[in-house]
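# What the coordinates show
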Amino acid sequence: MQGNDITVLDMEASIEHLSRGTLRHVDTLLLVTEPYYRSLETLGRMVPLAQDLGIKQMYVVANKVRGPREEEAIRRYCAERGVEMIAVLPFDEEVLEADQLGVPILDRYPESAYVREVERLRERLLAGAVKLAH
Amino acid sequence: MRIAVAGKGGAGKTTTAATLARLFARSGYTVTAIDDDPNPNLSVALGLTSEQTSKLGRVSREEILEEVKEADGSATMHLKRPFAEVLEQFGVRGPDSVGVLVMTGLLGAGRG
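Remember, predicted model here, so these are calculated numbers, not experimental data. (Residues numbered from 1 in each chain as written. Chains lettered and ligands numbered in written order. Predicted model: local features only at pLDDT ≥ 70, side-chain atom pairs only at ≥ 80, totals over all residues.)

Next up on the list: the overall build of chain A. Counting its secondary structure elements, chain A contains five helices and four strands. What you see in chain A, going N to C, is helices and strands ordered as β-β-α-β-α-β-α-α-α. Here chain A, with 134 residues, has 40% of them falling under the buried criterion. Considering only residue pairs separated by 6 or more positions, chain A has 63% of its internal contacts joining residues 24 or more positions apart. (Helix = DSSP H or I, 4+ residues; strand = E, 2+ residues; numbered from the N terminus. Buried ≥ 20, exposed ≤ 12 C-beta atoms within 10 Å, placed from the backbone. Contact = placed C-beta atoms within 7 Å.)

What follows is about the pairing of strand E6 (residues 99–102) of chain B. Consecutive side chains of a regular strand alternate in pointing toward one face of the sheet and then the other. All names here are of chain B. In E6, alternate side chains face the same way, and those of Gly99 and Leu101 on one face and Val100 and Val102 on the other are all buried. Where strand E5 (residues 92–93) lies against E6, two bridges are found, and the strand directions are antiparallel. Residue Arg93 lies in a different strand from E6, and its bridge partner there is Gly99. Between E5 and E6, which pair antiparallel and follow one another directly, the connecting turn spans five residues, one of which, Asp96, has a positive phi of 60°. (Pairing = 2+ DSSP bridges.)

Attention shifts here to the nonpolar core. Side chains that are nonpolar tend, in soluble globular proteins, to be buried together. With 63 residues, the main nonpolar core has Val8(A), Leu31(A), Val60(A), Val61(A), Val5(B), Ala21(B) and Ala33(B) as its most contacted residues. The contacts of Val60(A), once residues within four sequence positions are left out, are Leu31(A), Thr33(A), Leu43(A), Ile74(A), Cys78(A), Val83(A), Glu84(A), Met85(A) and Ile86(A). (Core = buried A, V, L, I, M, F, W, Y, C linked by C-beta atoms within 7 Å.)

The strand order across the open sheet built from eight strands is E4(A)-E3(A)-E2(A)-E1(B)-E1(A)-E2(B)-E6(B)-E5(B), with neighbouring strands paired in mixed fashion. Since the sheet does not close on itself, it has two edges, and those belong to strand E4 (84–90) of chain A together with E5 of chain B, each with one partner.

Next up on the list: the interface of chain A and chain B. Counting residues at the interface gives 51 residues for chain A, matched by 46 residues for chain B. When residues of the side of chain A that touches chain B are traced back to their parent elements, those giving at least two are strand E1 (5–10), strand E2 (28–33), helix H1 (37–53), strand E3 (57–65), helix H3 (93–101), helix H4 (105–108) and helix H5 (113–133) of chain A. Among the elements that take part in the side of chain A that touches chain B, H5(A) stands out by supplying seven residues, more than any other. Split into classes, the residues belonging to the side of chain A that touches chain B amount to 26 nonpolar, 13 polar and 12 charged. Pairing geometry for E2(A) and strand E1 (residues 2–7) of chain B, over five bridges, is parallel. Note that in E1(B) the partner of Leu30(A) across the bridge is Val5(B). (Nonpolar A, V, L, I, M, F, W, Y, C, P; charged D, E, K, R; others polar.)

Attention shifts here to unusual backbone geometry. The phi torsion at Lys64(A) lies on the positive side, around 60°, for a residue other than glycine. Position of Lys64(A) relative to the elements: it lies in strand E3. You will see that Ser97(B), though not glycine, has its phi angle at about 60°, which is positive. Position of Ser97(B) relative to the elements: it lies in the loop between E5 and E6.

What follows is the structure in structure tokens.
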């Protein structure tokens, strides 16, 4: 579609109600997960659903990651299910603080590790979109 | 690019969606952020003022989308009118000029 337009849709927690037709409006699905059992379990349910729906690009975004061990656990989980982990967002006290204050982390702590990693996520999404177009 | 952000509640999808939207806007893209969550808090994460948030109208999907049956029997959703117009009527422009819409049920399964 329009090359300079981006739509970001913050979805309901569950994607069980998605249908094939409506998802034609989405070309990239980000599945945000925490490195905990129940979060990964939800992820494990969503991945095959999304694969069935034929979404062009699906990526896992690991969030609230506290170290290499947690990162590795999510990476392994993704590899087993054939889905790419596109970003590792760190557990960041600054995100919690901004959240409690009701202000965007981007305004409160623009230099935070979290914001830095979301910027890397943005760059990788663009790179992926370019790849898809060719 | 049309990006949907999903995940278990509390996983941080709203913060991620909001930060991503604003970073795209800062790098020169025209960005629309849509809140499809029944407990909308994307506007807070984006940094809208409470005055702006109170102006946000809740758009029903029927208002802007219509279902079109394809030849193969599947149904697809189409915009009834230009997106900019919808944003003008129901949405607001927040920090970094990110357009914000609240549209609960946007991607719900074909009801009926």
